[in-house]
Amino acid sequence: MNPQAQVTTLKIDDREISAHADQTILDVAIENGIEIPTLCHLEGLSEVGACRLCLVEIQGTPKLQPACVTRVREGMEVVTHSERLQKYRRFILELFFTERNHICSVCVANGNCELQDMATTLGMDHVHYPYLYPNVPVDASHDLFGLDQNRCILCTRCVRVCAEIEGAHTWDVRGHGIDSRVFTDFNEPWGESVTCTSCGKCVNVCPTGALFKKGKSVGEMSRKIDFLPYLKKMREEMK
Amino acid sequence: MRSEKISPPSEDKRWKIVDTTMRRKGYVPSALIEALHSTQEAFGYLDESALRYISASLRVPPSKVYGVATFYHFFTLRPQGKHTCVVCTGTACYIKGASALLQTLDKNFDIKPGETTSDGEISVLTARCLGSCSLAPAAVFDGHVAGNLEPQTLMEQIARLKE
Amino acid sequence: MTREELDAIGEKELAASQQVKHRLNVCLAAGCMSLQSDAVLASLQKNIKERGLEHECHVKGVGCLGLCKAGPLVAVEPNGVMYQHVTANEANEILEALDAEPLAQLALEPALPFFNRQTKISLENSGVIDPERIEEYIAQGGYAALAQVLNELTPAQVVEQVTRSGLRGRGGAGYPTGLKWSTVVKAQGAQTRESVQKYVICNADEGDPGAFMDRSMLESDPHRILEGMAIAAYAVGANQGYIYVRAEYPLAIKRLKIAIRQAERAGVLGSAIFASPFNFHVELRMGAGAFVCGEETALIASIEGGRGLPRIRPPYPAEYGLWGKPTLINNVETYALVPSIIRNGSEWFANIGTEKSKGTKVFALAGAVQNTGLVEVPMGITLREIIFDIGGGIPDGKKFKAVQTGGPSGGCVPKQFLDKAVDYETLTQLGTIMGSGGMIVMDETSCMVDVARYFMEFCMTESCGKCVPCRVGTVQMYNLLTKITQGEATLDDLALLEELCDLVRNTSLCGLGQAAPNPVLSTLRYFREEYVAHIQDKKCPAGVCKL
Ligand SMILES: Cc1cc2nc3c(=O)[nH]c(=O)nc-3n(C[C@H](O)[C@H](O)[C@H](O)COP(=O)(O)O)c2cc1C
Ligand code: SF4
Ligand code: FES
Ligand code: FES
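Everything numeric in this text was worked out from a predicted model, so none of it was measured.

Reading the values: the criteria
Each chain has its residues counted from 1, running along the sequence as written. To label them, take the chains in the order written and letter them from A, then take the ligands in the order written and number them from 1. With the structure being a predicted model, the display of local features is reserved for residues of pLDDT at least 70 and the display and counting of side-chain atom pairs for 80 or more, all residues being used for whole-chain, interface and lining totals. Only hydrogens and water are set aside when side-chain values are computed; all heavy atoms of the structure are taken into account. Helix numbering and strand numbering both begin at the N terminus, where a helix is a DSSP run of H or I of at least 4 residues and a strand a DSSP run of E of at least 2. Every radius of gyration here is taken over C-alpha atoms, with the globule rule written as 2.2 Å times N^0.38, N being the number of residues. Accessible area is worked out with a 1.4 Å probe on protein chains only. A residue is then buried under 20% of its type maximum, exposed over 50%, and partly exposed in between. Only heavy atoms matter for contacts: two residues are in contact if any of them lie within 4.5 Å across the pair. With residues, only the protein chains shown are counted as cover, and all accessible areas are computed by Shrake-Rupley using a 1.4 Å probe. A residue counts as positive if it is Lys or Arg and as negative if it is Asp or Glu; His and the chain ends are not included. Taken as the charge centre is NZ of Lys, CZ of Arg, CG of Asp or CD of Glu, depending on the residue. As used in this record, nonpolar core signifies buried Ala, Val, Leu, Ile, Met, Phe, Trp, Tyr and Cys residues forming a set joined through side-chain atoms within 4.5 Å. Nearness here has a simple test: a residue counts as near a molecule or strand if at least one of its heavy atoms is within 4 Å of that partner. Gly is placed with the polar residues, together with every amino acid not listed as nonpolar (Ala, Val, Leu, Ile, Met, Phe, Trp, Tyr, Cys and Pro) or charged (Asp, Glu, Lys and Arg). A pair of strands is labelled paired if DSSP reports no fewer than 2 bridges between them. Boundaries of every domain are those given by an automatic assignment or by a domain database. Buried area, as used here, totals the accessible surface that two parts lose on assembly, with accessibility defined by a 1.4 Å probe and the loss added over both. Pairs of N or O atoms are called polar contacts if they sit within 3.5 Å, as long as, within protein, a hydrogen donor faces a hydrogen acceptor (for residues adjacent in sequence, only side-chain-to-side-chain pairs). Each aromatic pair joins two rings of Phe, Tyr and Trp (for Trp, the six-membered one) with centres within 6.5 Å, and gets the label stacked for planes under 30 degrees apart, edge-to-face for over 60, and tilted for any other angle. Think of a patch as exposed residues, more than 30% relative accessible area, with no salt bridge, where like charges cluster within 9 Å and nonpolar side chains (Val, Leu, Ile, Met, Phe, Trp, Tyr) cluster within 5 Å. A pair is scored as a salt bridge if a Lys or Arg side-chain nitrogen falls within 4 Å of a carboxyl oxygen belonging to Asp or Glu.

Some words on the overall build of chain A
Stage number 1. In terms of helices and strands, chain A carries six helices and 10 strands.
Stage number 2. Relative to its length of 239 residues, chain A is compact, with a C-alpha radius of gyration of 19 Å against a globular reference of 18 Å.
Stage number 3. Principal-axis analysis of the C-alpha atoms gives chain A an extent of 55 × 50 × 30 Å.
Stage number 4. Every one of the 239 residues in chain A was classed for burial, and the buried ones make up 53%.
Stage number 5. By sequence separation, contacts in chain A at least 24 residues apart represent 62% of the contacts at least 6 residues apart.
Stage number 6. Counting every atom, chain A has about 11,000 Å² of accessible surface; 50% of that belongs to carbon and sulfur.
Stage number 7. The averaged location of the 32 negative side-chain charges in chain A is 1 Å from the averaged location of its 26 positive side-chain charges.

So, the nonpolar core
Residues and elements named next belong to chain C.
Stage number 1. Judged by nonpolar contacts, the single largest core of 135 residues is most densely connected at Tyr143, Trp181, Ile243 and Phe280.
Stage number 2. Ranked by residues supplied to this core, first place goes to helix α11 (residues 222–236) with 10 residues.
Stage number 3. Beyond its immediate sequence surroundings of up to four residues, Ile243 is in contact with Cys202, Ala204, Leu226, Met229, Leu256, Val282, Glu283, Leu284 and Arg285.

Quick look at the site of ligand 2
Stage number 1. In the vicinity of ligand 2 lie 13 residues, with C:Cys464, C:Cys467, C:Cys470, C:Cys510 and C:Gly513 positioned nearest.
Stage number 2. Looking at the shell around ligand 2 residue by residue, the classes come out as eight nonpolar, four polar and one charged.

Some remarks on the sheet that holds strand β10 (residues 211–213) of chain A
Residues and elements named next belong to chain A.
Stage number 1. Ordered in space as β6-β7-β10, the three strands form an open sheet in which the pairing is antiparallel. Lying at the two open borders of the sheet, with one neighbouring strand each, are β6 (138–139) and β10.
Stage number 2. Relative to strand β7 (residues 145–148), β6 runs antiparallel, the two being bridged by two bridges. If you follow Val138 over to β7, its bridge partner there is Asp148.

Things to note about the domain arrangement of chain A
Accessible area lost upon the coming together of the parts is a frequently used measure of interface size.
All names here are of chain A.
Stage number 1. When the domains of chain A are assigned, the result is domain 1 (3–81) and domain 2 (87–215).
Stage number 2. Taking the mean C-alpha position of each, domain 1 and domain 2 sit 26 Å from one another.
Stage number 3. Facing 21 residues of domain 1, the contacting portion of domain 2 comprises 18 residues.
Stage number 4. Between domain 1 and domain 2, the buried area comes to about 1,500 Å², and carbon and sulfur atoms account for 64% of it.
Stage number 5. Considering only the side of domain 1, the residues that lose the most area to domain 2 are Leu39, Leu45 and Leu53, jointly responsible for 43% of the buried surface there.
Stage number 6. Split into classes, the residues belonging to the side of domain 1 that touches domain 2 amount to 13 nonpolar, six polar and two charged.

Examining unusual backbone geometry
For residues other than glycine, phi is negative in most cases, and the peptide bonds are mostly trans.
Stage number 1. The amide bond that connects B:Ala136 to the next residue, B:Pro137, takes the cis arrangement and shows omega of -5 degrees.
Stage number 2. In this fold, B:Pro137 is placed in the loop between β2 (122–127) and β3 (139–141).
Stage number 3. One non-glycine residue, A:Thr156, lies in positive phi territory at about 65 degrees.
Stage number 4. With respect to the secondary-structure elements, A:Thr156 resides in the loop between β7 and α4 (157–166).
Stage number 5. Its identity as a non-glycine residue notwithstanding, C:Asp396 has a phi of 60 degrees, on the positive side.
Stage number 6. Its place among the elements puts C:Asp396 in the loop between α16 (383–390) and β11 (400–405).
Stage number 7. Residue C:Asp396 is classed as exposed on the basis of its relative accessible area, which comes to 68%.

Describing the site of ligand 1
All names here are of chain C.
Stage number 1. In the vicinity of ligand 1, 18 residues are found, and the nearest of them are Gly171, Lys180, Asn330, Asn331 and Thr334.
Stage number 2. Arg170 places a main-chain nitrogen or oxygen 3.3 Å from an oxygen atom of ligand 1.
Stage number 3. Contact between ligand 1 and Lys180: an oxygen atom at 2.8 Å from a side-chain N or O atom of the residue.
Stage number 4. Taken together, the elements giving at least two residues each to the shell around ligand 1 come down to β8 (327–331) and α21 (511–515).
Stage number 5. Here the element with the most residues in the shell around ligand 1 is β8; it accounts for three residues.
Stage number 6. Residues belonging to the shell around ligand 1 are distributed by class as follows: three nonpolar, nine polar and six charged.

Comments concerning the packing of aromatic side chains
Note on aromatic pairs: each is described by the distance of the centres and the angle between the planes.
Residues and elements named next belong to chain C.
Stage number 1. Applying the stated criterion across every chain yields a total of 21 aromatic pairs over all chains.
Stage number 2. The interplanar angle of 80 degrees and the centroid separation of 5.5 Å between the aromatic rings of Tyr234 and Phe278 together place this pair among those described as edge-to-face. Note that Tyr234 is positioned in helix α11 and Phe278 in the loop between α12 (250–266) and β7 (281–286), a separation of 44 residues in sequence.
Stage number 3. Given a relative accessible area of 9%, Phe278 falls into the buried group.
Stage number 4. Here the aromatic rings of Tyr454 and Phe455 are separated by 5.1 Å at their centres, their planes lie at 70 degrees, and the arrangement is edge-to-face.
Stage number 5. Under the relative-accessibility criterion, Tyr454 is labelled buried at 5%.
Stage number 6. Here Phe455 falls in the buried class, since its relative accessible area comes to 0%.

Side note on a positive patch on the surface
Stage number 1. Taken together, the side chains of B:Lys5, B:Arg23, B:Arg24, C:Lys257, C:Arg261 and C:Arg265 present a region of like positive charge at the surface.
Stage number 2. Among the secondary structure elements, those contributing two or more residues to the positive patch are α1 (15–24) of chain B together with α12 of chain C.
Stage number 3. Tallying contributions element by element places α12(C) first for the positive patch, with three residues.
Stage number 4. Relative to the assigned elements, B:Arg24 resides in helix α1.
Stage number 5. With relative accessibility at 68%, the residue B:Arg24 sits in the exposed group.

Considering helix α13 (residues 296–303) of chain C
Stage number 1. For α13(C), the buried fraction is high: eight of the eight residues fall into the buried class.
Stage number 2. Where the residues of α13(C) are buried, they touch α2 (32–43) of chain B together with α9 (177–186), β5 (199–204), β6 (240–245), β7 and β8 of chain C.
Stage number 3. One or two positions beyond α13(C), positive phi appears at C:Gly305, with a value near 95 degrees.

Structural notes on α4(A)
Residues and elements named next belong to chain A.
Stage number 1. Burial within α4 is extensive, with seven of its 10 residues counted as buried.
Stage number 2. For α4, the complete set of buried residues consists of Arg157, Cys158, Val159, Arg160, Val161, Cys162 and Ile165.
Stage number 3. The inward-facing, buried residues of α4 abut α3 (114–121), β8 (171–174), β9 (181–184), α5 (201–205), β10 and α6 (227–238).

Section: the environment of C:Val369
All names here are of chain C.
Stage number 1. With respect to the helices and strands, Val369 occurs in the loop between β9 (360–367) and β10 (373–378).
Stage number 2. Spatially, the C-alpha atoms of Val369 and Lys398 are 9.8 Å apart, while their sequence positions differ by 29 residues.
Stage number 3. Once residues within four sequence positions are removed from consideration, Val369 is found in contact with Ile387, Gly391, Gly393, Pro395 and Val441.

Below, the structure is given as structure tokens:
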């Protein structure tokens, strides 16, 4: 049977909800107006489940599960907001803030940043872990855009949009662990990239001020991401 | 199948080995790690021309090749010294004094793991476990394992390398 | 190859070896090799030739004899003498003593508990056969289980046997092997079974930094792993296998390559195996030094040629594995046990061990213990028996402090639990895990905070970097542990450390991050006073940390 036709009923935060069997918990939650925090997820891109903010509790499952990749099951009981989850989400967010140098007051994306918004949403008013203060560079070699590693949270949205939608695979992640960095081609300056089409998709999907349009000053950067679900659909039609 | 022939970065005969590896795998993109292994084995490290050649031959995007080459500890993008000394820092060796060995190297040659002496003679590397834990602490000198090392015997082994 | 041909090879080989009066087995596994056992072998060969003893005395290289600390080891058959610390110069004397009394100064005491207390199944051929000759494996009954399976059993019956044996995965988590196999069988519907491409993978990445069981098995008895994989492939309906082996194990790689070639030539791997319709090909894939690639989904990503990043499970590899196809992935030792289970029956295996942990387990005994080396013991044996009876206790008159199992994902067990049984559940209750078999003994000169810091550094450097709790959390924990070992921490830092342990354990994506806090948690559980001593008294009780 086509899974789309299969209707499943489940409970999210004590609400009875019906869904299609191939949907993720996040899809269903969004459809029903239940907000689950996310950073690495972006409608139209593949899921990686890396930011861990969308973790939810599922009855009978000892481990927390990411809502963005976990499929619904018949009779599933999901808790998306609990004291424990809120605490973990706040702590995870704090870890993001300690990892690089996020100084909002001088950032082009100030006021237009998903990381900043998330801090507000989760009520994170201070960071109680030590900052790591890495020494990371800014790459301003591209004519139109810039990359500020100080703001990167390694969500890999840029990597995915470039590979999956633009088809260029200009971006990837090098190194591993705490030394992971997004980069282009053979790690030469972005401006020298042979594969980059300067389409700007990566800049548009970046949740923070890590990828930015040149010539903007503090707080001026804005993005558009509505093209994504649309393009994804069109690409699927073509295949 | 591949239409155009991509030629290796240089006339160096060792590219034949790399070519053979890739050909045997039918130039599929998934042969990337094997191609990197084969290149490093032939040349001792992966330089940019090698990465470009592999990228073009297997038709793997440049950033993917570079991302993979830098993900794995085993691959190195810099040339190594004439000799290598790989000190095991696995658990057994650690509790039996691997750090004292590394300190000895630092004190005598001013090099830390991953570095090469300024004269290009010796590179010091670390390994997670050589599988010779019963001889802890152990190290590999140019491919030859020696166990039960102490700072003094370590220096003797190094001296022997240079001979 | 037919069953009869197989038997003929075995009989011929046995007859040939029985014709000679003396057989000398020189260990050529990694431990003894690094003590120049190859020179011992060469010297023995040369001396035998010079003396014209070729017809009554055979000498050959074998796999690991177990007692690695006493290497190079030479075993003399059939009289059962074992010589330790042999040098090339002593070849002559050894040959002279063949028909006389064993050389007292070199011979190990007979009937050492180190050998007597072991139960060898996966290691039964280690140190007995020449791993580079398939005939010797066959002479020990090798490939008979595969022949039997192909000729007499249906795939379902094989799965049934394995399930009934109670075998659990030896790679660390102890997942029931039969259950995993049947999941792969069922993947994508039983009716279409034949048409669905499936894969079998052997996890030989052996990541625990202080463990060498898998290495030794691959070096000492590679055909056993191939046979186990072939049986598994038949059971789950796969025709292609991969062995993912660490690049740091060149000898194991070399022997596996030889073994695969020999097996293909003999017709026990390849097409129409044992004249049945079953085909199975095996390829080697080299790892490249990433601990996380021992995690099954990362391993698969690595075989596919990419960065070794784990992905979220479910779907498990059994349903969605290599190239998206149903894939069985088991550890080296798990496969090594399979041929014996088939040959001797599942009841035989299930009779060894405890109720929930069946059979034997191989441990790599290292650290502050007399007899370092490789041991295979029945599950349920106590830690004390392993460390004191088999291991010979702590050297240099020092006192036992703790034993570490499970490597960077495990924990330290203190002396009050020495009489606890070694099985999956008990070890988990004690705050550690069975792990893959690393067992590091520590005496009073080891500082437990320093040990925790060591493992955290390991997890930090090995984190793949995909998910934030592990990528950043391990760095934060490592910094706090360093601060403690430097005498600069406060009790608030300790509280922060505990909070991070809880966070990283519960929110990380894969087993690496989820288990990274274990070494800290277990040392905090049993040695909290050492942490406090570093913090409040600015002292390292073991005298390791320089405060
Ligand atoms: C970080 C990490 C490292 C692992 N390393 C290994 C390893 O080196 N060898 C191994 O067999 N299993 C390892 N595993 C377990 C594998 O993911 C997998 O469970 C195992 O290979 C399954 O085989 P088994 O059922 O026979 O144990 C590791 C798991 C994790 C999370
Ligand atoms: S837990 Fe660590 S190793 Fe596992 S996915 Fe996350 S960052 Fe990678
Ligand atoms: S949105 Fe699910 S893990 Fe990031
Ligand atoms: S820990 Fe050093 S060889 Fe295993």
